[in-house]
Amino acid sequence: MTRIAVCGGVYSNPYALRAFVEDARTRGAERLYCLGDLGGYGGEPDAVWPLLTDNDITVVAGNYDVAIGRGDTDCGCGYTDPRDNEFAQLMYDFTLQNTSRAYAQWMTTLPTERRFDLDGVDVHLVHGSTLALNDFWWESLPQEQHELRVQESGADLIMCTHSGLPWTRQVGDTLVVNVGVLGRPANDGGRNVWYALVDLEDGRATAELVPLEYDWQAQAASMRAAGLPEAFVETNENGYWTTCLEVVPPYERSKGRYQLYRSALPDTFEQEQVSWADAPDVVDDGLPVVPLFGSALFPPRLWLYTNFHCNLACSYCSVASSPQARRRSVSLERVQRLVDEAVTEGFTEVYLTGGEPFLEPDIVDMVLYATEQLDVVLLTNGMLYQGHRLERLRRLAGRERLVLQTSIDAASAEGHDRNRGRGSWQKAMDGLRLAKGLGLPVRVGMTYTDANEHEVPLLRELLAGMGITGKDFAVRPLVARGFSTEGAHVDETNTVPELAVTADGVHWHPAGADVGTSPDMLLAPHPSPEDWVPLAEAKRLAVERFLVLRRDDGSLPLVYNCAV
């Protein structure tokens, strides 16, 4: 058996390269290889050269090394976005200026690939891929793209780098290993970097990706001393990429902390935002990138559907709730766990909705638990405040961080009952008055249609007489979802994600949280009744879908915001 260690993307990081040599030798590696991109990013380009030659590391040239050796004007990294290229150019200009001509001349002697037989294994070492020197061989590429790159080689073992993210994959009879890079962390929040350890024996190869600890503090200090941009240094200190994001595919980018360049955030939206919740401020921490979650493009608002059965059968219910709806209730224990997860994941408010939440016997305990940690909006038709439910409601009086939201569509029974059922307007108004009498904060949302357009000023005047004014009354458009075939067409292409959790799974938006009528808005089903999709993964799925839809990070219009 022969054991080899393979690294890539040194990026002028002598501290990580030194640690690689020591760690690989300790683990029994007999031969050391580097797949190129020796410079860039770090502050000490020339310090890498003696470490390579003195430790007998066999090197494959990367696009950076070819460019530095020739004295090109750019790195040839393969970026297409101007913001990516701006940062890439800063890195390259510094490296070219601070690389000795002797070192650069040595780079011109390096081959751009190496192929050899070792213990019966046909090994092919490349920088980007078997197709091109600067090709990004991402793990998330479609299967046919992996097969294309493997077929171009036909080797038993192909090893690459360039993309910066480590992974292994068996493609037919070929083992493919992206060894990651030594120059910066893998956008996973860890300060360690990565390399690959490979065992070859009797025509068979096995690979292990090795997390490598090194003196990242020394690297950060070196970069600051060299006057490199703070955004570069931050990555070494916090483990997340802060530059060159646009080239990263949606799956890989969704797993990091940052997804957008700050300049991509819209100042305004194509449609007027209809919401009580203001768009969250994005803190300017000096970095050129921001997370998608927590911005106006993915507000930190969680929707929990406690149930779907309802005492009403509104003709335009977007999630098809009714007395006959399939029973899908969420237990008190599950709501408590979701609230705890929401706090951990950075959500600032939770909307408890249905169906009619007051049909759930534990709804008040759910609210009490949630308001201990988050701002809570409880959406109810306000019609069930009698008997034991009224006693439960009294427990919420004086509760901080709570608002009751009720839907009323007209200033009289005629306009409201047309879609929500006879007698519903009077009961809803009585419930509104009762809640206000208990001192509970209330607000009203009106579903706007062509038939009740004239009711808007009348209802506003009626509610003002009850002390419900300003932002406590808002109008939202009817949407063509659930029971309704009329209204605004909303889907993932014209709404921002507002994560919704139901007993069925996690959904892109609360207006499409019914899997029966809105399967297109399902992000993922729960694996089982006991095993639910974690909120961290639900967030990642929403971010990934956003990036798939908007690969250029364009804004999504807030056509329909269910916070109203």
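Look up: the structure comes first, before these words.
Residues numbered from 1 in each chain as written. Predicted model: local features only at pLDDT ≥ 70, side-chain atom pairs only at ≥ 80, totals over all residues. Heavy atoms only, no water.

1. Here's the deal with the overall build of the chain
Helix and strand counts for the chain stand at 16 helices and 21 strands. Along the longest, intermediate and shortest principal axes, the C-alpha atoms of the chain span 85 × 50 × 40 Å. Buried positions account for 58% of the 564 residues belonging to the chain. Restricting the contact set of the chain to residue pairs at least 6 apart, pairs at least 24 apart contribute 71%. As displayed, the chain offers around 22,000 Å² of accessible surface, 47% of which is attributable to carbon and sulfur atoms. If the 48 positive side-chain charges of the chain are averaged to one point and the 80 negative ones to another, these points end up 7 Å apart. (Helix = DSSP H or I, 4+ residues; strand = E, 2+ residues; numbered from the N terminus. Buried < 20%, exposed > 50% of the residue type's maximum accessible area, 1.4 Å probe, protein only. Contact = heavy atoms within 4.5 Å. Areas by Shrake-Rupley, 256 points an atom, 1.4 Å probe, with all protein chains shown as cover. Lys, Arg positive; Asp, Glu negative; His and termini not counted. Charge placed at Lys NZ, Arg CZ, Asp CG, Glu CD.)

2. A word on the pattern of salt bridges
Overall, the coordinates contain 27 salt bridges when judged by the stated rule. Close ionic contact of Arg 83 with Asp 81 constitutes a salt bridge, the shortest N to O distance being 3.2 Å. Residues Arg 224 and Glu 237 are paired through a salt bridge, measuring 2.8 Å at the closest nitrogen-oxygen approach. You can see Arg 224 sitting in helix H7 (residues 216–225) and its partner Glu 237 sitting in helix H8 (residues 230–238), a full 13 residues away along the chain. (Salt bridge = Lys/Arg side-chain N within 4 Å of Asp/Glu carboxyl O.)

3. Some words on the nonpolar core
Counting 75 residues, the largest nonpolar core has Leu 17, Phe 20, Ile 57, Leu 182 and Tyr 195 as its most contacted members. The element that contributes the greatest number of residues to this core is helix H1 (residues 14–26), accounting for six residues. Once residues lying within four places of it in the same chain are set aside, the contact partners of Phe 20 are Ala 5, Val 6, Cys 7, Leu 32, Tyr 33, Ile 57, Leu 182, Tyr 195 and Leu 212. (Core = buried A, V, L, I, M, F, W, Y, C linked by side-chain atoms within 4.5 Å.)

4. Brief notes about unusual backbone geometry
Of note in the backbone geometry, Ser 12 takes a positive phi value of approximately 60° without being a glycine. Position of Ser 12 among the secondary structure elements: in the loop between strand S1 (2–7) and H1. On the accessibility criterion, Ser 12 (0% relative accessible area) is buried. One non-glycine residue, Asp 119, lies in the positive phi region at around 50°. Structurally, Asp 119 can be placed in the loop between strand S4 (113–118) and strand S5 (121–126).

5. Side note on the sheet that holds strand S9 (residues 193–201)
Spatial strand order, S3-S2-S1-S9-S10: five strands in an open sheet with mixed pairing. On the outer flanks of this sheet lie strand S3 (57–59) and strand S10 (204–212), each paired with one strand and no other. Looking at each pair of strands side by side, their axes are set apart by 25° on average, direction ignored. In the packing of H1 onto the sheet, the strands contacted are S1, strand S2 (31–34), S3, S9 and S10, and the crossing angle to S2 comes to about 150°. (Pairing = 2+ DSSP bridges. Axes fitted to C-alpha atoms, helices over the stretch in contact; angles between N-to-C directions.)

6. Observations concerning the packing of aromatic side chains
Under the defined criterion, the tally for this structure stands at 18 aromatic pairs. Centroid distance Tyr 11 to Tyr 41: 6.2 Å. Interplanar angle 45°. Geometry classified as tilted. Residue Tyr 11 is located in the loop between S1 and H1, and its partner Tyr 41 is located in the loop between S2 and helix H2 (48–54); the two are separated by 30 residues in the primary sequence. For Tyr 11, a relative accessible area of 11% puts it in the buried group. Assessed through its relative accessible area of 3%, Tyr 41 is described here as buried. Measuring from ring centre to ring centre gives 4.9 Å for Phe 20 and Tyr 195, while their planes differ by 80°; the resulting arrangement is edge-to-face. Of this pair, Phe 20 sits in helix H1 while Tyr 195 sits in strand S9, placing them 175 residues apart in sequence. Taken as a pair, Phe 20 and Tyr 195 share a single burial class, namely buried. Among the aromatic residues, ring-to-ring pairing joins Tyr 11, Tyr 41, Phe 87, Phe 232 and Tyr 261 into one connected group. Looking at Arg 184, its charged tip hangs above the ring of Trp 241, at a distance of 3.9 Å from the centre. The lysine or arginine in question, Lys 539, covers the ring of Phe 293, its NZ or CZ lying 4.1 Å from the ring centre. (Phe/Tyr/Trp six-rings, centres within 6.5 Å; stacked < 30°, edge-to-face > 60°. Lys NZ or Arg CZ within 6 Å of the ring centre and 35° of its normal.)

7. Details of the layout of surface pockets
One water molecule sets the probe size; rolling that probe over the atoms shows where empty space is left. One number sums up the size of the largest pocket: a volume of about 350 Å³. Considering the residues around the largest pocket, the lining is formed by 17 residues, among which Ser 254, Gly 256, Glu 345, Ala 536 and Lys 539 are closest to the centre. It is helix H16 (residues 535–549) that provides the largest number of residues to the lining of the largest pocket, a total of five residues. Residues belonging to the lining of the largest pocket are distributed by class as follows: six nonpolar, five polar and six charged. (1 Å grid on protein atoms, 1.4 Å probe; cavity = no way out; pocket = protein on both sides within 12 Å on 5 of 7 lines; lining within 4 Å. Points joined across faces, edges and corners; volume = space filled by probe spheres on them. Nonpolar A, V, L, I, M, F, W, Y, C, P; charged D, E, K, R; others polar.)

8. Re empty space enclosed by the protein
Scanning the model with the defined rule gives three cavities of 30 Å³ or more in all. By volume, the largest cavity amounts to about 550 Å³. In this structure, the largest cavity is lined by 33 residues; those nearest its centre are Cys 317, Gly 354, Ser 407, Arg 420 and Arg 476. At the level of secondary structure, the elements contributing two or more residues to the lining of the largest cavity comprise strand S13 (301–305), strand S16 (402–407), helix H13 (413–420) and strand S18 (473–477). For the lining of the largest cavity, the residue count by class is 18 nonpolar, twelve polar and three charged.

9. Some words on the state of the cysteines
This model, assessed by the stated rule, comprises one disulfide. A sulfur-sulfur distance of 2.2 Å marks the disulfide that ties Cys 75 to Cys 77. Linking Cys 75 and Cys 77, the disulfide has an S-S dihedral of approximately -135° and is accordingly described as left-handed. By relative accessible area, which is 9% here, Cys 77 ends up buried. Left unpaired, Cys 317 is separated from the closest cysteine sulfur, that of Cys 314, by 6.3 Å. Note on Cys 317: relative accessible area 17%, which makes it buried. (Disulfide = S-S within 2.5 Å.)

10. Some thoughts on the packing of H7 against H8
The packing of two helices is summarised by the inter-axis angle and the distance between the axes. In contact at an axis separation of 9 Å, H7 and H8 are set at 175° when each is read in the N-to-C sense. Our classification of the angle between H7 and H8 gives roughly antiparallel. Across the interface between the two elements, Trp 216, Gln 219, Ala 220, Met 223 and Arg 224 from H7 touch Glu 230, Phe 232, Val 233, Asn 236 and Glu 237 from H8. Its residues placed into classes, the contact of H7 with H8 shows five nonpolar, two polar and three charged. (Parallel < 35°, antiparallel > 145°, perpendicular 65-115°, else oblique.)

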